Amino acid sequence: MQVSITVNGQPRTDEVEPRLLLAHYLREVRGLTATNIGCDTTSCGACTVVVDGLTVKSCTVLAVQTDGGQVTTLEGLAGPDGELHPVQRAFREEHGLQCGFCTPGMVMAAIGVLADNPDPSDREVREGLEGNLCRCTGYHNIVRAVQAAAKAGPAAGQVPQAQEVQA
Amino acid sequence: MSILGTRVVRTEDPLFLTRGATYTDDLTDERLTGALHATFVRSTVAHGRLLSVDASAALEAPGVVAVVTAQDVADLAPIPPPFPFINPAMTRPWLASDRVRFVGDPVAVVLTEERYQGEDAAEMVAVDIDPLPAVVGTAAAASDEVLLFPEAGTNVMASFGDPAPADFFDGCEVVVTQAMVNQRVAPVPLEGRAAAAAWSEDGRVTVWCTNQGAQQARGQFGDWLEMDPDLIHLITPDVGGGFGAKIGADPEYAFVAWLAKHVGRPVRWAESRSENLIGMLHGRGQDQVVTVGGRRDGTIEAYSIVFDQDCGSYPRIGAVLPTLTMLMAPGVYGFPKVHAQARALATTTTSIGAYRGAGRPEATAALERAVDLFAAEIGTDPADVRRKNLLPAFSEPHTTPTGATYDTGDYTVALDKALEAAGYAELRAEQARRRERGDVRQLGIGMSVYVEITGADNGAGTGEAASLEVHPDGTATVLTGTSPHGQGHATAWAMIASDQLGIPIEKISVVHGDTDRVPQGGGTMGSRSLQQGGAAVHQAAGELVDLARQRAAEKLEVAPEDLVVDLGLAGLAVRGTPGTGITFAELAADEQLLVQTRFTAAAPTFPFGAHVVVVEVDVESGKAEVTRLIAVDDAGTILNPLLAEGQRHGGYAQGVAQALLEEVLYDEDGNPTTSTLADYPFVSATELPSFELVEMATPTPMNALGAKGIGEAGTIGATPAVQNAVIDAVAHLGVRHIDMPTTPMRVFRAVQQARGGS
C-alpha cells in the first residue's frame, strides 16, 4: 500500500506492507532510528512519537493508519540552528537520561504531559509518564527534568511546526 | 579550581537527545549491507526429548534463505561450563539436538531477507518434543528425581562450604531462624540483546553486540568458536543498559558470527521483548535459611546462612554468585561467628546471571532481615540492635570471618546520618499514633546498613588499561577498557584527563568497546569502572605530563623540574612565569604525544551505607506504597555528583522493585508466565517516590582518586530496607516475615494469618 506521511516536516510517499508498524516504518523506511522499540506489548513507551498533535506509541499504530498525517520524532525537536527543545535541554541539565534507550520516547511523552498540564506536580508527572518505562534513572531525574522544562512556558508542551523544521 | 567533584552535565547527551544513540540494531555500517535477519526458533516446552525438527515448510516461506538446525552445527563443540568447579557434564549445545532444558532453549535459526519474514517462517518450523517432567525451584532440583543432565548424575552444579558445627549456636539466649526467598527477577535493560556480524575476505569477523565488556566477550567467542581472538573484531556500540545481564558473550552472539560464515552473508539479530524475558539471563534466585543467635541485651553472637542458588538450565555466572553471597555474609557486623554454605542447582528454567549487585544484595537482604527478626524477637528497636553490633569505625583494613578484607568504613555514622535525615524518632511516634488509632493505613519504617565489594577481580585481573593521546589540534583521545552503558564514562574520563592537562572536556573524546582499538579491558561490571578504569586514566594523564615535561625541557632548554603544568595554557610553563610555556598540542605537533598504561589496584574496595525507608500499608488491601527513601551511600571520593546520584537513583528503583513487585514466575510445568512486559511487573514512575540522598564520603587508599564503586549500592541497600519497612508496618498485627515481592496479596494473607484467619 502507498502511504504519504510527513515526518519532522518532510513529506514522503512510500510503498509499505499493510501490517507494517509505524515504529518500523520510521526506523527502517525513513531511517530515523532515535525511535526505539523496547517491547512487543505496547508497555514500555520507548517508541513514543507525536502524531497530529497526540503522543502515541508508534508500535501500536500501523503506518497505513498514519497516511496523510504529521509525525514528529525526537530528531524533529531541535531547532534548525541546533537549539534544543526545552524538554531536551531539561533532560540534559537534570541528568534525566543514562543509557538513552527510553529517552526519545520519554522526551516525546514528557512533551505530551506538559501539553496537557503546563505545571504538573511530582505526582502528576509520574502518572503522566506511567506508560513509559526506564530502567536506569529510577525516574527521579526524569520527573525533575519535566518540572524544569515546565518553567520554559508553553513551548515545552509543543512540537515544532513542520515549516520551522523544514527551514 | 579542580573540575573533579563538580556537577558536570554529560558531553554525550546532545547527540543522545537530538539524533538518538546508535545501538546495535540502529547500525547502518556498510559492512552490514545485505545482511540477513536471524530469528531463533525456541523450545516451547520446559523439558523434553527433541524428536524432530522439520524445516521443510519454513524453507518454502517468502524470503527464507536458510534454516539451521543442530545437525548443521554438529562440528561445533558444545559450550563448556564457565568455571572449573562446575560439573563438567553440564554443557550447552548451540542448538538443542536431543533434549530441551527450558522454554526458550534454541532449537533452530531461520535466516531471512527481512525481519517480518523471519517471524512468519519461524512459526512454520515444526518442532516435535516428547515432554519430560519439569524441574522448577531448588527443592525439585535438589531431590535429583528428574535430572537435566543424566550423564552428570545430579542437578548440583557446584557446592560451596561445609555444614555448621553442631554447637554453633550453643550458649545463645535467643536463636531465631527463618526461611526466605530472594526471588528470581528479570534485569530487563530497555535494549534487549542484539548482534550483527560480517566476515571480511582476510578471514576476520567483525561482530557488533550489546555488551558490557567487548574484550571479555571476544575471549569467549574465541574459545567457543575455536578461533584466534585476533581474528575477531568485537565492537559494542551504544548499549541500552546492562545491569549485569550483558556481562560476557551470549551464545546467540557468537552464533550470529557463525551463521554469517555459514551462509556467506552478514547476519543481524535483535530479540523481541518476549524473547528477552525468556532468553536473557535472569538474576537473584536464592532460597535461603538464616539463623541468628545472641543475647537478650541485643548482642548477636552467631549468624548462619545456608542457601540454594537456582541457576536455571545451563551454568552461567549464576553458578558462581553463591561465593559472593558467602563472602559478604557478615556484612557490616562484628558477629564473632559467621557460617555460610550453598549449592548451585540446575532447573528447567532460564539461566541465572549477574543482576545489579550480583550476590551482594542477596547477602544483605538475608542479613538485614535476620537482624530485624532478632530485634523483633527480643523486643528491641532494630536501630539499637544494629548499633550494638556494627563494626566500629576503622581506617586500617579489617578482615571478616569469611575472609573479606574491608578497606575503610564507618557504619555507625552512616546509620545515624540516615536516621537523622529521616526524622526517625518522629516517624516512630507517628507509627505509634496510627497503631493506637487502628488506622487502615499503617506506617512502616525499615532500615538496612550494608557494605559491598566493588572492583573485585572479574576474571580479567584487577587491573585496567588506559591510553591517552594529545593531538596537534589540541584535542585529546582517551582509550579505556571499561565500557559504559549509561554511566557517563565519556564525561567522567574526560574530566579526569582535563583536570591534569587543562584541555577542555569538550575536546577530549573517549573511545571504548572496540577490541581493535582497545585490545585489553575488563569492561563495566561490579562497579569497577571509576576505581579501576578512571584510576587508569588518572595514571595515564600523570604519565603524559611526565613525558611532555621531558620533551618540553629539551625544547625549551630548561630543567624538567622547572616546568609545571599550566592548566590555562593546556601545557607546561616555566615555574614562576605562567603563560610563557609550550602547549601539549605544540609538543604533539613535533612528535606523537601518547601514553599507554595499566593501573592495577592492590585490592577491591568496600563501599557502604545505610538506607531508611518509609512505607504506608493499607492493612485491608495489603497494598504498600513507598513514601520516602532516605539513603547514605558512601563510595569514597565522588568524581561527578550528578552521575553518582543518577547511579544511586537507578539502583533504588530496582531495589524497591524487587522488594515490592517484580518477580519472574513459572508454572509447575516450567512455562514462564511473566514473559512479556504486560505480565512482568516492571516498576514504573508511579510506584516510586523522589529519593532523599544524604552525602558521606570516606576515601579509599586503593587508588589515587579515593574512589569506590557506586553502581550497585542502590539495589543492595534499598531492597531489604523496603522489605523490612513493609513487614514493620504490619508487625504489630503479629506478622513476623513476608517474602519478597511484598505484593498486596502476600501482605493481605500475612495479615489474615496473623489475625487467625485463613
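Residues numbered from 1 in each chain as written. Chains lettered and ligands numbered in written order. Predicted model: local features only at pLDDT ≥ 70, side-chain atom pairs only at ≥ 80, totals over all residues. Heavy atoms only, no water.

Visitor: How would you sum up the environment of L639(B)? Please name residues and give values.
Guide: Residue and element names in this part refer to chain B. For L639, the location among the structural elements is in the loop between β27 (624-634) and α16 (641-660). Once the C-alpha coordinates of L639 and L665 are considered, the two residues, 26 residues apart in sequence, prove to be 40 Å apart. Look past the residues within four positions of L639 in its chain and what remains in contact with it is L4, G5, T6, A492, M495, I496 and L530. (Helix = DSSP H or I, 4+ residues; strand = E, 2+ residues; numbered from the N terminus. Contact = heavy atoms within 4.5 Å.)

Visitor: Give me the pairing of strand β20 (residues 476-480) of chain B: which residues, what numbers.
Guide: Residues and elements named next belong to chain B. Summarising burial for β20: 5 of the 5 residues are buried, a large majority. Both strand β19 (residues 463-470) and β20 contribute to a ladder of 5 bridges, which runs antiparallel. Paired with L468 across the bridge in β20 is V478. Where β19 folds back onto β20 in an antiparallel hairpin, the turn is made up of 5 residues, including G474, whose phi is positive at roughly 90 degrees. Note that β20 and strand β21 (residues 508-511) share 4 bridges and pair parallel. (Buried < 20%, exposed > 50% of the residue type's maximum accessible area, 1.4 Å probe, protein only. Pairing = 2+ DSSP bridges.)

Visitor: I'd like to hear about helix α18 (residues 744-754) of chain B, residue by residue, with values.
Guide: Residue and element names in this part refer to chain B. Those residues of α18 not exposed but buried are V747, A750 and V751. Buried residues of α18 fall within an arc of 95 degrees about the axis and therefore sit on the same side. In α18, those exposed residues whose orientation departs by more than 90 degrees from the buried face are R749 and Q753. Looking at the packing, one finds that the buried side of α18 touches β26 (608-618) and α17 (713-730). Phi turns positive, to about 90 degrees, at G756, one or two residues after α18. (Arc of directions from axis to C-beta.)

Visitor: Any details on the nonpolar core? Residues and values, ideally.
Guide: Core analysis: the largest hydrophobic core is formed by 84 residues, its most contacted members being V87(A) and F91(A). Among the nonpolar cores identified, the runner-up in size contains 76 residues, and M180(B), F307(B), F374(B) and F606(B) belong to it. (Core = buried A, V, L, I, M, F, W, Y, C linked by side-chain atoms within 4.5 Å.)

Visitor: Provide a residue-level description of the packing of aromatic side chains, including the pertinent values.
Guide: Residues and elements named next belong to chain B. Per the stated rule, a full pass over the model turns up 19 aromatic pairs over all chains. Ring geometry for Y333 and F335: centres 5.0 Å apart, planes at 5 degrees, overall stacked. Since its relative accessible area comes to 3%, F335 is described here as buried. Judged by centre distance (4.9 Å) and plane angle (45 degrees), the rings of Y406 and F606 are tilted. One end of the pair, Y406, is in strand β17 (residues 405-406); the other, F606, is in the loop between β25 (593-600) and β26, with 200 residues separating them in the sequence. (Phe/Tyr/Trp six-rings, centres within 6.5 Å; stacked < 30°, edge-to-face > 60°.)

Visitor: Give a description of the sheet that holds strand β28 (residues 692-694) of chain B that names residues and reports values.
Guide: Residues and elements named next belong to chain B. Sheet architecture is open: 4 strands sit in the order β18-β26-β27-β28, paired in mixed fashion. If you trace the sheet from one side to the other, it starts and ends with β18 (441-451) and β28, each paired once. Shown here is a sheet whose adjacent strand axes are inclined to one another by a mean of 15 degrees, direction ignored. Across 10 bridges, β26 lies against β27 in antiparallel orientation. Bridge pairing in β27 links V613 to L629. The sheet contacts of helix α11 (residues 411-422) involve β18, β26, β27 and β28, and relative to β26 the element is tilted by about 35 degrees. (Axes fitted to C-alpha atoms, helices over the stretch in contact; angles between N-to-C directions.)

Visitor: Describe helix α12 (residues 424-437) of chain B, naming the residues involved and giving the relevant values.
Guide: For an α-helix, 3.6 residues make a turn, and residues three or four places apart therefore share a direction. All names here are of chain B. For α12, spanning 14 residues, the distance from its first C-alpha to its last is 20 Å, which sits close to the expected 20 Å at 1.5 Å a residue. Taken residue by residue, α12 has Y424, L427, R428, Q431 and R434 as its buried positions. Mapping the buried residues of α12 onto a view down its axis gives an arc of 120 degrees, with all of them on the same face. What points out from α12, more than 90 degrees from its buried face, is the exposed set A425, E436 and R437. For α12, the elements touching its buried residues are α10 (382-389), α11, β18, β26, β27 and α17. Looking one or two places after α12, you find G438, whose phi comes out positive at around 70 degrees. (Expected span 1.5 Å × (residues − 1).)

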